Structures are given as C-alpha cells and as structure tokens.
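These are the residues of each chain, in order.
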Amino acid sequence: MRRPIVLDVRIVGNHHTKDVQIFDKIKTRRDAEFDPERLEKDVRSLDSTGRFRNIIPHTKITKDGVIVTFELIERPFIEYIEHIGNRGLAMRNGYLYME
C-alpha cells in the first residue's frame, strides 16, 4: 500500500528561530511520501538543537494527503545583558575582591 503524500509542512510557535533554520533540521518535505518514522527523526533532530522546550508534531489526514505541523515551544531567549558598574569591587595584586 502506498503512503499518503505530504501536502504541506507548517511551523508554528517559533519567535526567535527562523523558519529556514528549522527546515534545515527536518527531512519531511511537501510532495514527498509521508513517513511516521521520518517525522520522529525530525522531532529528535529539532530537539538536538537545544532551542526548544517542547516539540509537538501534528498530522492532519485529508482525502488528498497529510498536512504536517510542528508546534514549537522555544526556550527562553536572552536578548541583552545590561552591566551597571562594578561598585563594591576592588582590584588588588591582580585579583578582584569584594569590598
């Protein structure tokens, strides 16, 4: 029996990670045969990046094929760190001490 065709691959929930970076990590493609094992490998591949707290694959089966959606929950992202002075610190003999 022939496997259904992937009609579309969708990415939702990514706010900091670009779609192109995600598609570089997955092998499930539009117009290819749907393979549940490939989908699981895609989830592991995305997980190995360390960028996501959770990766939930969804499949919607239609009469024409399968729509695959990767729902992503990204880990917190540090946008900037603000350093405000060094009061209370002193340098003596090349070492940093608390005053």
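Scroll up a little and you will see the structure.
Let me begin by describing the structure that accompanies this report. Since the structure is predicted, the reported quantities are computational estimates derived from the model, not experimental observations.

## Brief notes about the overall build of the chain
Thinking step 1. Check the secondary structure of the chain and you find 2 helices and 5 strands.
Thinking step 2. For the chain, the succession of helices and strands along the chain, N to C, is β-α-α-β-β-β-β.
Thinking step 3. Taking the principal axes of its C-alpha atoms as reference, the chain extends roughly 75 × 20 × 20 Å.
Thinking step 4. The buried share of the chain, taken over its 99 residues, is 24%.
Thinking step 5. Counted over contacts in the chain with a minimum sequence separation of 6, partners at least 24 positions apart contribute 50%.
Thinking step 6. A total accessible area of about 7,900 Å² is found for the chain, and carbon and sulfur atoms account for 50% of it.

## Overview of the sheet that holds strand β2 (residues 52–61)
Thinking step 1. The 3 strands are arranged β1-β3-β2 in an open sheet whose pairing can be described as mixed. Bordering the open sheet on either side are β1 (6–12) and β2, each of which pairs with just one other strand. Averaged over all pairs of adjacent strands, the angle between their axes in this sheet comes to 15°, without regard to strand direction.
Thinking step 2. Taken together, the 9 bridges between β2 and strand β3 (residues 66–74) define a ladder with antiparallel strand orientation. Across the sheet, the residue bridging to Thr-59 is Val-68, located in β3.

## Regarding the pattern of salt bridges
Oppositely charged side chains may form a pair once their charged atoms are brought near each other.
Thinking step 1. All chains considered together, the criterion is met by 5 salt bridges.
Thinking step 2. A salt bridge links Glu-33 to Arg-2; the shortest N-O distance between them is 3.7 Å. Here Arg-2 lies in the segment before β1 and Glu-33 lies in the loop between α1 (19–23) and α2 (36–47), a separation of 31 residues in the sequence.
Thinking step 3. Judged by relative accessible area, Glu-33 falls into the partly exposed class, the value being 43%.

## Looking at the nonpolar core
Thinking step 1. Core analysis: the biggest nonpolar cluster contains 15 residues, and Leu-46, Ile-55, Val-68, Phe-70 and Leu-72 have the highest contact counts within it.
Thinking step 2. Elements with a contribution of two residues or more to this core: β1, α2, β2 and β3.
Thinking step 3. Ranked by residue count, the leading element in this core is β3, at 4 residues.
Thinking step 4. Beyond its immediate stretch of four places on either side in the chain, Val-68 contacts Val-6, Asp-8, Val-9, Arg-10, Thr-28, Phe-34, Leu-39, His-58 and Thr-59.

Criteria and thresholds
- By convention here, each chain's residues receive numbers from 1 onward along its written sequence.
- Local features in a predicted model are, by the rule used here, given only for residues with pLDDT of at least 70; side-chain atom pairs are given and counted only at 80 or more, and totals for whole chains, interfaces and linings are based on all residues.
- The side-chain values count all of the structure's non-hydrogen atoms but skip hydrogen atoms and water molecules.
- Under the scheme used here, helices are H or I runs from DSSP no shorter than 4 residues and strands are E runs no shorter than 2 residues, and both carry numbers assigned from the N terminus.
- Using a 1.4 Å probe on the protein chains alone, a residue whose accessible area is under 20% of its type maximum counts as buried, one over 50% counts as exposed, and one in between counts as partly exposed.
- Contacts are residue-level and defined by heavy atoms, with any inter-residue pair within 4.5 Å sufficient.
- Method for areas: the Shrake-Rupley scheme with a 1.4 Å probe, in which residue coverage is limited to the protein chains shown.
- Should DSSP find at least two bridges between two strands, the strands are taken to pair.
- Inter-axis angles, ranging from 0 to 180 degrees, are taken between N-to-C directions of lines fitted to C-alpha atoms, where helices are fitted over the stretch in contact.
- Salt-bridge detection follows one rule: a side-chain nitrogen of Lys or Arg within 4 Å of a carboxyl oxygen of Asp or Glu.
- Only buried residues count toward a nonpolar core, which is a set of Ala, Val, Leu, Ile, Met, Phe, Trp, Tyr and Cys residues joined through side-chain atoms within 4.5 Å.

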